[in-house]
Structure formats: C-alpha cells, structure tokens
Amino acid sequence: MERRHFARSILAAAGAVALGAKAQEGSPAAAAASPAPAVAGLKPFLFEKDETFWYETLRSFGHIAYGGAEFGEVVMTAQRIRGGDYDSWHDEWRLTADRVAAEAQQSLAAGHNVSARDAFFRASNYYRSAEFFLHGNPADARINAAYDRSVECFRAAVRLTDGAIEPVRIRYEGTSLPGYFYRAAGGGGKGGKRRPTVVMHNGFDGSVEEMHYVAAAALVERGYNVLSFDGPGQPGPMHREGLVLRPDWERVVGPVLDHVLARPDVDAERVALLGNSLGGVLAPRAAAFEPRIRALIALDGIYDMGVKTLPMFGGQREVARRVLTAPSAPDIDKALAQMAAHDAQARWAFGHGAWVTGKGTARGYLSTLLDYHVADGVAERIQCPTLVCAAANDMFFKGQPEMLYAHLTCPKTLLALDDTLGAGAHCHAGAQRLAMARIGDWLDATFAAPLRS
C-alpha cells in the first residue's frame, strides 16, 4: 500500500526526482521541489523543443572559449541530429570527431604542430559528446570506442604542449586515478618556485579531459598550477575498472592532495579545490573534512541532492531510503519507467545514473542521491574561504547554491550570474570566459590575503 501511494506521488511529480528534472507545474511535488521561476533564460536556437539536447549543445558552445569546439562545427553537427534520437546524436558527433581527428593527423604529419594540437583538442571533446547519451546500455560497444578516442586525441594534443601538461596517475585504494598536471604559465615548472595550485574535478557525467575547457586552461594562464583528475564514477575509473561514484569524496580527494603536495612546485599554503556540476556537492563534502584545502570553489553549489526525491516521500529521508532500497517495488519501478518514457531528462539521468552508481536501476540510482549532501552540519565544518557559484536559470540545481551558501559559516562569497550576461545556464555554459574571469579574480584576491591556518 505504501509503495503504491509513493508510486502515484512519483508520477504526479513527472520528473522532479531525476537529476534536476523539473516537476510538472501545479503539482504538489513541484511546489515543494522547485523555487519560483526566474526570468526567461537564453532562448535555444537549436533543439527548441528538446531542453536536454539544447543544453548539451550549449555546453559545446561554451567549450569554444578555451579551444574545445568551433562554432561552425557545433552548428553543422547539431543541424544534422534528429531531436531526442540518441543514435543520431552519437552518429553525427562521431562523424565530426573523426573528420577533425583526421585533419589533426594530417597537420601533425606535415609538421604543423599548433594546428594539430588545436584539432586534437576539439576532436577529443567531440568524441566525448558522441557517447554522452548511450550509457543507458553500458554494453554498447560505441561507448568505449568513442571514449578511448577522446582520451587518445586529448593526449595527442597534450604531447604538443611542450611539457606544459603532463598526464599523471594518482595512487588510490590499490589502483590509480587518471589526471593531468598543468604547470602554471609565466614561471611554473620543474625546479621553479612553488606556485598556488588548483585541484579540480568534474561531476556526474563530465570527464577530466573536459575540465581543460571548463577551468584548467583559464587558471593556468592566470599563473596557477592545476591538477585535474577523474574520481570514482567519473569516466576514467568508470570505463576502465567500473569504480562507481561515492559520496564520501574526502576519501578521494585525500590521496589526490597527497600526490600534488609531494611536488616541489606546489605551495601547500595555497591549494584550492574546484568541483564542477555534481562536483558542487562533492568538493564541499571533501573540504569539510580535509584541512589541507585552503580555498573552495563550488561550480555550481549544491547542498542536498535529496531534495529531488524527498518531496515524494513526505520529506522523510529514511522513508525514501526504505522504499527505494526495498528488494522489490514493482509499483515504483513502473512509475519510474513511465516517467522516463515521457521525460527526456529523466530518461537520460536514470540510464546514466544507474550505470555510474553501480545500482543498475533507476530506483537504485535515486536511492543513492539521498547520500549526496552536506546537510546535518557538514557544510558548517568547512573552514576555508568558499566561492559558491549560482546560475539563475540552472535546469538541474536551481536554488541549491543559495542553500549551500546559507549554511556556510566560513568566509564566503556567492557569485550569481544570469542570462543578462548569457551566463544563466547550469555551470554558466556558454559564458566560460566570463565565469572564469570572476572565479579567477576571486581566487587571486583570496590567495593574496593572509590565510587562516
């Protein structure tokens, strides 16, 4: 009886329990889960009726700023894709990626290293995009094929940076995590002076390679070393070893800090942690328990992933956990399947989430979201200066940055950007240079001031 009641609540919510999927207007769950609507956001000019495909296209537009895409290549690829068709999305991005990778190889063979490097970077990002929507079937051979090519092209580009970027492996629980160490522009390097350093990671679905276009290249040119990495549940460890996502992110960041602080060119008193997207809750969780982090950037901030599911369970976390982790809950499973059939965002989030959490089902994935939070006094443990980024029209986590900010007791800054600046989308996609200017300026000021011991 209880499960049937909650199944009806889930269907009424029509998407509020997906990773950021929106509740139907007028439903009780919508009122509980969604803040008041903001001003109209950036209007899509591609995939006008498919918010999910539009956001992923806008994400690629954002990567233009630091060499991850070309405007014409993105537009021409998107125009060939059938909206809502995952196979079409893969095929057209794969076609573009193959073409750009071939051009990179031709430039390399002819000795045009700069042209080759630039094309390899773009091809890598296009391969990343190609396999993005396929994770609902982890056995699909196209996933690893495109992922492997993404990494191969990125590393081909790295080899053409004259040692400015170095692939690294970070020891972690009997295995290792993949990453890249970027030497600061203008004086960083082997044998050089110790420099401020930013450790960074992606979130629910992005790769360490993508972080190059999101934040790494921007901070390197501002004089920071950068160590970017993939943790459990993120593409490298997930594709290679099946290491699934975990909420106790301090257990991941600790070994990464061990690695970076062993370097002679890193200033231990000026190490920041930046978490992107779902990293906006993972990084704060790590900072709450890791005193070696001297500054924190949540891009964008998240306080509690459970708010997406709790309204359907009377706001009671343990009730939600009991129902979602039951050995059998056919009514709930049916309700979630119906939701995914009618909500494109839920369809993608459930498929990808079931894979990266290792739960294998939408219900199992949703149960894990209850553990991704900095509630119950965790946020209040953070002591380092913290920048919480907030996007006014975030389709995934609207309202979450403000919740995180309200609970912080450390020195804190809220960076709110909206679509009057073209920066209102999740993680400010489409306004990468503007966002990184604000973030970089905050970091400069923070590390210039005396830091709390």
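Overview of the structure. What you see is a predicted model; the values in this text were computed from it and never measured. (Residues numbered from 1 in each chain as written. Predicted model: local features only at pLDDT ≥ 70, side-chain atom pairs only at ≥ 80, totals over all residues. Heavy atoms only, no water.)

Think of an α-helix as turning once every 3.6 residues; residues three or four places apart then point the same way. Spanning 17 residues, helix 17 (residues 432–448) covers 24 Å between terminal C-alpha atoms, matching the ideal 24 Å at 1.5 Å per step. Taken as a whole, helix 17 has its buried residues at Gln432, Ala435, Met436, Ile439, Gly440, Trp442, Leu443, Thr446 and Phe447. On an axial view of helix 17, the arc spanned by its buried residues comes to 160 degrees, and they lie on one face. Set apart from the buried face of helix 17 by more than 90 degrees, the exposed residues are Ala445 and Ala448. (Helix = DSSP H or I, 4+ residues; strand = E, 2+ residues; numbered from the N terminus. Expected span 1.5 Å × (residues − 1). Buried < 20%, exposed > 50% of the residue type's maximum accessible area, 1.4 Å probe, protein only. Arc of directions from axis to C-beta.)

Further remarks concern the sheet that holds strand 1 (residues 165–172). Pairing is mixed in the open sheet, where 8 strands are placed in the order 1-2-4-3-5-6-7-8. Whereas interior strands pair on both sides, the edge strands pair on one side only; in this sheet they are strand 1 and strand 8 (412–417). Between one strand and the next, the sheet's axes are offset by a mean angle of 20 degrees, whatever the strand orientation. Where strand 7 (residues 386–391) and strand 8 come together, 6 bridges link them in parallel fashion. The residue bridging Ala391 from the neighbouring strand is Leu417, located in strand 8. Across the sheet, helix 7 (residues 141–158) lies against strand 1 and strand 2 (175–182), angled at about 40 degrees from strand 2, the strand it touches most. (Pairing = 2+ DSSP bridges. Axes fitted to C-alpha atoms, helices over the stretch in contact; angles between N-to-C directions. Contact = heavy atoms within 4.5 Å.)

As a further point, take unusual backbone geometry. Glycine aside, residues mostly have negative phi, and peptide bonds are mostly found in the trans state. A cis amide bond links Leu299 with the next residue in sequence, Asp300, at an omega value of 0 degrees. Mapped onto the elements of the fold, Asp300 is located in the loop between strand 6 (295–299) and helix 12 (317–324). For Phe47, which is not glycine, the phi dihedral falls at a positive 50 degrees. Relative to the helices and strands, Phe47 is located in the loop between helix 2 (28–33) and helix 3 (51–62). The phi angle at Glu173 is positive, at roughly 45 degrees, despite the residue not being glycine. Position of Glu173 relative to the elements: it lies in the loop between strand 1 and strand 2. The class for Glu173 is exposed, based on a relative accessible area of 59%.

So far we have only geometry, and geometry alone does not tell us how the molecule works.
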